[in-house]
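Next come the chains, spelled out residue by residue.
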Amino acid sequence: MELRGYGFLLLLLHTTRAVIALEKKIIVSKLGENTTLSCIYQGRELHLKNLRVYWQIADDQEECTVVHALISGQDNESEQCIHFKNRTQLFWDRLENGDFSLLLLNVSQGDEHTYKCVVLEKAEYTSMVHQAEVVLSLAASYSQPILSGPISNSDSTGEEVTFSCRSGNGYPEPNLYWINKTDNSHLPPSELTIIPNSNGTYSVFSTLKVKATSNMQIECSIENKILQENLSANYTQQKQSNGSSTESHINPKSGQGAQAAGIVSIVILMGALAVIICWLRRRRSSRLESYTAPV
C-alpha cells in the first residue's frame, strides 16, 4: 500500500532530517463544535502537484492513525480511519499559500489526541518541508450550579444543616468546592458524586453538612480547568434585627455576569426615564398651545 510505504518514509525522515523544526500548538474546542488544526508553512513557494500532506494521530498505540491525506493535489481516503470519514476538510483556497490546516467537524471525546501534520515534497527525491503538532483538548461548559439550603423561620444556631449542589452537561470532570464566605475557608464535602452521562459529559452532585450559625454564608463553586470557568451559587442567612427569625437567600453567580446584568438594567431604566420625561414635556407644551387664545 502506498500510504503504508510512506509511513516508513516518514519515520526515516523523522530520524535523519532533524533540521525541520517541529511546530507545536495546543488548542481547546467545545464538544460538538468544528475546530481547525493549524499547519502553516511560511517558506518558499510550493507546487501542489508535487506535495504529499499527511495528517495523522501522533500516538503509535492507536490501531488507525491516518486522519487525512492529500497526494499530488487530490484527497486520498484509502487509508483514512473510519472515525474521521466525512469529518475532515482541507482549505483548498489556502493550500497554494502554504496553509495545510485541517478542519475537523463535530468534535467528540474520541478526537482528543495529539495530531501531526507532515508535508513532503517530491522532486528528484522526497523531502520533508514542514511538520507540525497540534494537541486537541475538549471541553464543555457546566450548567449554572443549583444550590439548596435550609429555609428556617427560627434561630437554628448550633443545629446540623445540610446543603446540596448540583451541575451538569460539562466536560471534563469538574472540581467542586464548598466555601465558607465569612472567612473564605474551604469546607470538606459530606458527599461528592461525579456521574458520566450518555453523551459523554458529566454531572456532579455534592452535599455539605455543617453546624448552623446566625450569619451563614456558603458558596458552591464549580471549576472547569480547561475552559478556566468558575460558576458559583451563594447561600446567605442573616438574622433579623429583632432576633426572632432569619432570612435566607440563594444567589447564583457566574464570573462577572451578575455585575454586567446590573449595569445593563440601570442603562435600560435610565433610557426609559428619559423617554417618559421627553413625552411629558411634549404633552405639556401641546396643552399650553391649545389653551392660548389668539390676540
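Read on for an overview of the structure. Every chain is numbered on its own, with residues counted from 1 as its sequence reads. Where totals are concerned, whole chains, interfaces and linings use all residues; where local detail is concerned, this predicted model gives features only for residues with pLDDT of at least 70, and gives and counts side-chain atom pairs only at 80 or more. Computation of side-chain values covers all heavy atoms of the structure but excludes hydrogens and water.

**Description of the pairing of strand E3 (residues 51-57)**
Taking burial as the measure, the seven residues of E3 include six buried ones, the bulk of the element. Judged from the seven bridges that link them, E3 and strand E8 (residues 114-122) form a sheet pairing that is antiparallel. Residue pairing across strands places Arg-52 opposite Leu-120, the latter belonging to E8. In the sheet, E3 pairs with strand E4 (residues 66-71) via five bridges, with the strands oriented antiparallel. Opposite Val-53, over in E4, you have Leu-70 as the bridge partner. Think of it in three bands: residues with accessible area under 20% of the maximum for their type are buried, residues over 50% are exposed, and the middle band is partly exposed, with areas taken using a 1.4 Å probe on protein chains only. Here a strand is any run of E in DSSP of at least two residues, a helix any run of H or I of at least four, and the numbering for each starts at the N terminus. By this definition, two strands are paired if DSSP reports at least two bridges between them.

**Considerations on the sheet that holds E3**
Spatially, six strands are ordered E1-E9-E8-E3-E4-E5 in an open sheet, and the strand pairing comes out mixed. Lying at the two open borders of the sheet, with one neighbouring strand each, are strand E1 (22-30) and strand E5 (74-75).

**Here we look at the packing of aromatic side chains**
Each Phe, Tyr or Trp ring (for Trp, its six-membered ring) is paired with any other whose centre lies within 6.5 Å, and the angle between the two planes then decides the class: stacked below 30 degrees, edge-to-face above 60, tilted in between. The full count for this structure, using the stated rule, is four aromatic pairs. With 6.3 Å between their ring centres and 80° between their planes, Phe-84 and Tyr-115 make a pair best called edge-to-face. Here the residue Phe-84 occupies a position in the loop between E5 and strand E6 (88-90), and Tyr-115 occupies one in strand E8, the gap between them amounting to 31 residues. On the basis of relative accessible area, Tyr-115 is assigned to the buried category, the value being 0%. Aromatic pair Phe-163 and Tyr-235: ring centres 4.9 Å apart, planes at 80°, arrangement edge-to-face. On the criterion of sequence distance, the pair formed by Phe-163 in strand E11 (residues 160-170) and Tyr-235 in strand E17 (residues 229-239) is long-range, its members being 72 residues apart.

**What about the pattern of salt bridges?**
Salt bridge, as used here, is a side-chain nitrogen of Lys or Arg placed within 4 Å of a carboxyl oxygen of Asp or Glu. The final tally for this structure, using the stated rule, is four salt bridges. A salt bridge links Asp-111 to Arg-87, with the nearest nitrogen and oxygen atoms 2.5 Å apart. Here Asp-111, found in the loop between strand E7 (102-104) and E8, pairs with Arg-87, found in the loop between E5 and E6; they are 24 residues apart in sequence, far enough to count as distant. Judged by relative accessible area, Asp-111 falls into the buried class, the value being 0%. The buried category is assigned to Arg-87, whose relative accessible area is 13%. Taking the shortest distance from any N to any O, the salt bridge between Glu-219 and Lys-181 comes out at 3.8 Å. Of this pair, Glu-219 sits in strand E16 (residues 216-224) while Lys-181 sits in the loop between strand E12 (175-180) and strand E13 (185-187), and the two are 38 residues apart along the sequence.

**Topic: the state of the cysteines**
Here, two cysteine sulfur atoms that lie within 2.5 Å of each other are counted as a disulfide. Enumeration over the complete set of coordinates arrives at three disulfides. The partner cysteine of Cys-39 in its disulfide is Cys-117, sulfur to sulfur 2.1 Å. Sign of the S-S torsion, about -65° for the bond between Cys-39 and Cys-117, identifies this disulfide as left-handed. Residue Cys-39 is located in the loop between strand E2 (35-37) and E3, and its partner Cys-117 is located in strand E8; the two are separated by 78 residues in the primary sequence. In terms of burial, Cys-39 and Cys-117 fall into one category: buried. A disulfide bridge connects Cys-64 with Cys-81, and the sulfur atoms are separated by 2.0 Å. In this structure the cystine formed by Cys-64 and Cys-81 twists about its S-S bond by roughly -105°; its chirality is therefore left-handed. Of the two residues, Cys-64 sits in the loop between E3 and E4 while Cys-81 sits in the loop between E5 and E6, which places them 17 residues apart along the sequence. Owing to a relative accessible area of 30%, Cys-64 belongs among the partly exposed residues under this scheme. Once the bonded cysteines of the chain are numbered in order along the sequence, the disulfide links fall as 1-4, 2-3, 5-6.

**Notes on the nonpolar core**
Ranked by internal contacts, the top residues of the largest apolar core, which has 49 residues, are Trp-55, Phe-100, Tyr-115, Val-119, Leu-147, Phe-163 and Trp-178. Top element by residues in this core is strand E9 (residues 126-139). It accounts for five residues. Not counting residues up to four positions away in its chain, the partners in contact with Phe-163 are Leu-147, Ser-148, Gly-149, Pro-150, Trp-178, Ser-206, Thr-207, Leu-208, Val-210, Met-216, Ile-218 and Tyr-235. The next biggest cluster of nonpolar side chains, apart from the first, holds six residues, and it includes Tyr-54, Ile-71, Val-118 and Leu-120. For the purposes of this section, nonpolar cores are sets of buried Ala, Val, Leu, Ile, Met, Phe, Trp, Tyr and Cys residues that join through side-chain atoms within 4.5 Å. In this analysis, two residues are considered to be in contact whenever any of their non-hydrogen atoms come within 4.5 Å of each other.

**Describing the side chain of Ser-38**
Looking at where Ser-38 falls in the secondary structure, it is placed in the loop between E2 and E3. Classification of Ser-38 by relative accessible area gives buried; the value is 15%. Side-chain polar atoms of Ser-38 contact the side chain of Lys-25, separated by 3.2 Å. When sequence neighbours within four positions are dropped, the list of residues in contact with Ser-38 reads Lys-25, Trp-55, Ser-101, Ala-132 and Val-134. Under the rule applied, a polar contact is a pair of N or O atoms within 3.5 Å (in protein, one hydrogen donor and one hydrogen acceptor; residues adjacent in sequence only if both atoms are side-chain atoms).

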